[in-house]
Amino acid sequence: MAASAEEAADASTADRIVVSALRTPVAADRVADSVTLLGEAQIVAAQPIALTDMLLRTPGISVSRNGGYGTTTSLRIRGADAGQSVMVIDGMRLSDSSSTAGGYGFSNFFVDDAERIEILRGPQSILWGSDAIGGVVNVRTRRPTEPLEGSFAVEAGTHDTVSARAGVGGTSEAVDWRLSASRFTTDGISARSNGTEDDGYQRSAASGTLTFRVAPGVSLDLRGYWSDSQNDFDGTSGDSLAYGRTEEWSGYAGLNFTMLGGRLANRVAVLQTETDRQNYDPVRSIRQITFDAHGRVRRFEYQGTYTFSDAVQAVFGAEREEQRMTTASPSNSATPYVLTPEKADTDSVYGELRVTPVVGLTVSGGARYDHQSRFGGNTVFSAGAVYTPNGGATVLRASYDEGFKAPSLYQLFSMYGVNDLKPEKAKGWEIGAEQGFGEALRLSATWFERDTDNLIDFAYCPTSGALPDVCYVPGTTTSRFGYYANVKASHARGLELAASARWGVLFAEGNYSWIEAEDRTEGSATYGRQLQRVPRHLANFEAGVDLPQGLRASVAGRYSGESYNAATGTATLDDYWLVDLRAQWQVREGLILQGRIENVGDEKYETVSGYGTLGRTVYLGLRSRF
């Protein structure tokens, strides 16, 4: 929903909602791009476990997962590849520089202490740089509103699943602080659809924020996020005892200060994200570790926001990003293995101007220049306009945006790497309209198109005859069966429709997305074919009753259309409908009893061919805020 129907639960008018995903607070009816805003009330009502459980209920988003919770999870926004979207929590950009695509793996990110979720769709590299081709997902954790407050939630369900989380925080004239922690365990299901052995998953996580107001107009922000998980998984041949360990943490320290009578707001920050991943096979007799990867991203940021007047605002900044990676696939032997460090650095400057020349009309434009130590310079542009003649009841939007994705360190330097890869580039535009009829009904529609060139794909070497130089591991005489290359192009276009309605104690909302995301690689055998694991049709609905006595109950449905399982081949993933039942009862102020049944019909389906999915599951829980 394009900054639309979903907002009704958290605010009565759109102009009360700001969009921090644009890196500075902006009223929703002054944003030219499509944004979905999910507040705390909606998160609580949906009762999600993983963040992706919430995201796939919104327009234009599909998710594939290689089994149950904790297995490899891929998020696609408007048909963009899984590594082409940016993940942010509390202003910290999360990524794994040692992963194949260099983006963020969503398998270990749960809702936990989230108070607000924002989904910014379309190419967004002006403010967010590399990877922001599909869009940006921004999560804000809870902020304290009382001198001392706390919260907890616990639930249990099918497959011996237990989830617990708690938080405590407070606010005063000088300090705001919040700490939270969570623990999740499940026996799970077999990752392979034909398997018989359950693949379990355990995860521990914590987050924290602290704002210290040093002086008038000066504050210090400290933020952190950490998770440690272990997941069992199966190979392509079926059941196995293999498992993986993943530990990730992110830290942020930022100084905020104003100048020129408060008109110039400045932020200077340093951020660091580290990810350690290891896979193990207990069947091995000598060395059980089969994969060892370490990724680190360090960022230095300056951002300024100059407010000329209520009608004119400029955002500008400079950044430096330092990526580091080591990977190895140790053999089952006593021979020591080597973790060879690789790196790439990017220096960037950007600016965006937002102007409201007349009441109700906002126009914006921006540019960004990046210089990467490997591929050189890259420049992107954006422009947009949004108009509301009646204070947000009617909103008309149009925008043009560009995005890019730098080749990952793995694509550059692994045994399949090529060190002169070019960045993937995207150009997209959209138009949209919203219409509200008081609080009773809100409708929205968005049409988008996006072209992406220089897509990096795996190219296979010939199996006979003389091998070209690129089919040898760089610097050696060892042959390889393939390598990464800029060989593909794609075109995506689609329509996103959304609606929400409320009549007394009854409510209903839904969305439908038609996404045509096709391979446009000239001369390719798959030219004109839908991209892998991108359903052409997606739909969601929820309808129920919300009684003043504190009881809310609803039925929710989700449809995913047929899709191709892989870029080549004819195997398809069948379409499916999933239906859930949800209920919650506010026993007393600050105390809620909740429960749900997911996949009521026990539908058998796959999001990745050969990998299992959760059948009918039942959860019962309790949450409190005090």
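So, here is what we can say about the structure in this document. (Residues numbered from 1 in each chain as written. Predicted model: local features only at pLDDT ≥ 70, side-chain atom pairs only at ≥ 80, totals over all residues. Heavy atoms only, no water.)

**Some remarks on the pattern of salt bridges**
- Taken as a whole and assessed by the stated rule, the structure comprises 43 salt bridges.
- E149 is the salt-bridge partner of R625, the closest N and O atoms lying 3.7 Å from each other. Taken together, the positions of R625 in strand β31 (residues 617-625) and E149 in strand β8 (residues 149-157) put the pair 476 residues apart, joining distant regions of the chain.
- By relative accessible area, E149 is classed as buried at 6%.
- Each of R23, R267, R299, E301, E319, E321, R368 and D370 takes part in salt bridges that share partners, so that together they form one network. (Salt bridge = Lys/Arg side-chain N within 4 Å of Asp/Glu carboxyl O. Helix = DSSP H or I, 4+ residues; strand = E, 2+ residues; numbered from the N terminus. Buried < 20%, exposed > 50% of the residue type's maximum accessible area, 1.4 Å probe, protein only.)

**What about the nonpolar core?**
- Within the largest apolar cluster, 28 residues are counted, with the highest numbers of intra-cluster contacts made by L51, L55, L75, M87, F109 and I117.
- Grouped together as the second largest cluster of nonpolar side chains are 21 residues, L22, L120, W128 and A132 included. (Core = buried A, V, L, I, M, F, W, Y, C linked by side-chain atoms within 4.5 Å.)

**What to know about the sheet that holds strand β5 (residues 92-94)**
- The mixed open sheet is built from five strands, whose spatial order is β1-β6-β7-β4-β5. The strands lining the two open edges of the sheet, one partner per strand, are β1 (35-38) and β5. Here the average twist between neighbouring strands, direction ignored, is 20 degrees.
- Pairing of strand β4 (residues 85-89) with β5 involves three bridges; the strand directions are antiparallel. Paired with V88 across the bridge in β5 is R93. (Pairing = 2+ DSSP bridges. Axes fitted to C-alpha atoms, helices over the stretch in contact; angles between N-to-C directions.)

**Digging into a negative patch on the surface**
- Negative charge collects at one region of the surface, where E562, D574, D575 and E603 lie side by side.
- Assignment of secondary structure puts E603 in the loop between β30 (591-598) and β31.
- Overall, E603 belongs to the partly exposed group, its relative accessible area being 30%. (Patch = residues over 30% accessible without salt bridge, like charges linked within 9 Å, V, L, I, M, F, W, Y side chains within 5 Å. Areas by Shrake-Rupley, 256 points an atom, 1.4 Å probe, with all protein chains shown as cover. Lys, Arg positive; Asp, Glu negative; His and termini not counted. Charge placed at Lys NZ, Arg CZ, Asp CG, Glu CD.)

**A short note on a nonpolar patch on the surface**
- Together, F152, V154, L551, W585, V587, L593, L620, L622 and F626 make up an exposed nonpolar region whose accessible area comes to about 780 Å².
- Elements with a minimum of two residues in the nonpolar patch: β8, β29 (576-588) and β31.
- Inspection of the secondary structure puts V154 in strand β8.

**Quick notes on the packing of aromatic side chains**
- A complete count under the given rule lists 23 aromatic pairs for this structure.
- Centre to centre, the rings of W447 and W514 are 6.1 Å apart; their planes meet at 25 degrees, and the pair counts as stacked. One end of the pair, W447, is in strand β22 (residues 441-460); the other, W514, is in strand β24 (residues 506-519), and 67 residues separate them in sequence.
- Judged by relative accessible area, which is 23%, W447 ranks as partly exposed.
- Counting every residue linked through ring pairs, the aromatic cluster contains Y410, Y416, F458, Y460, F481 and Y484.
- Its end group placed over the ring of Y611, R192 keeps NZ or CZ at 4.7 Å from the ring centre.
- The lysine or arginine in question, R223, covers the ring of Y252, its NZ or CZ lying 4.4 Å from the ring centre. (Phe/Tyr/Trp six-rings, centres within 6.5 Å; stacked < 30°, edge-to-face > 60°. Lys NZ or Arg CZ within 6 Å of the ring centre and 35° of its normal.)

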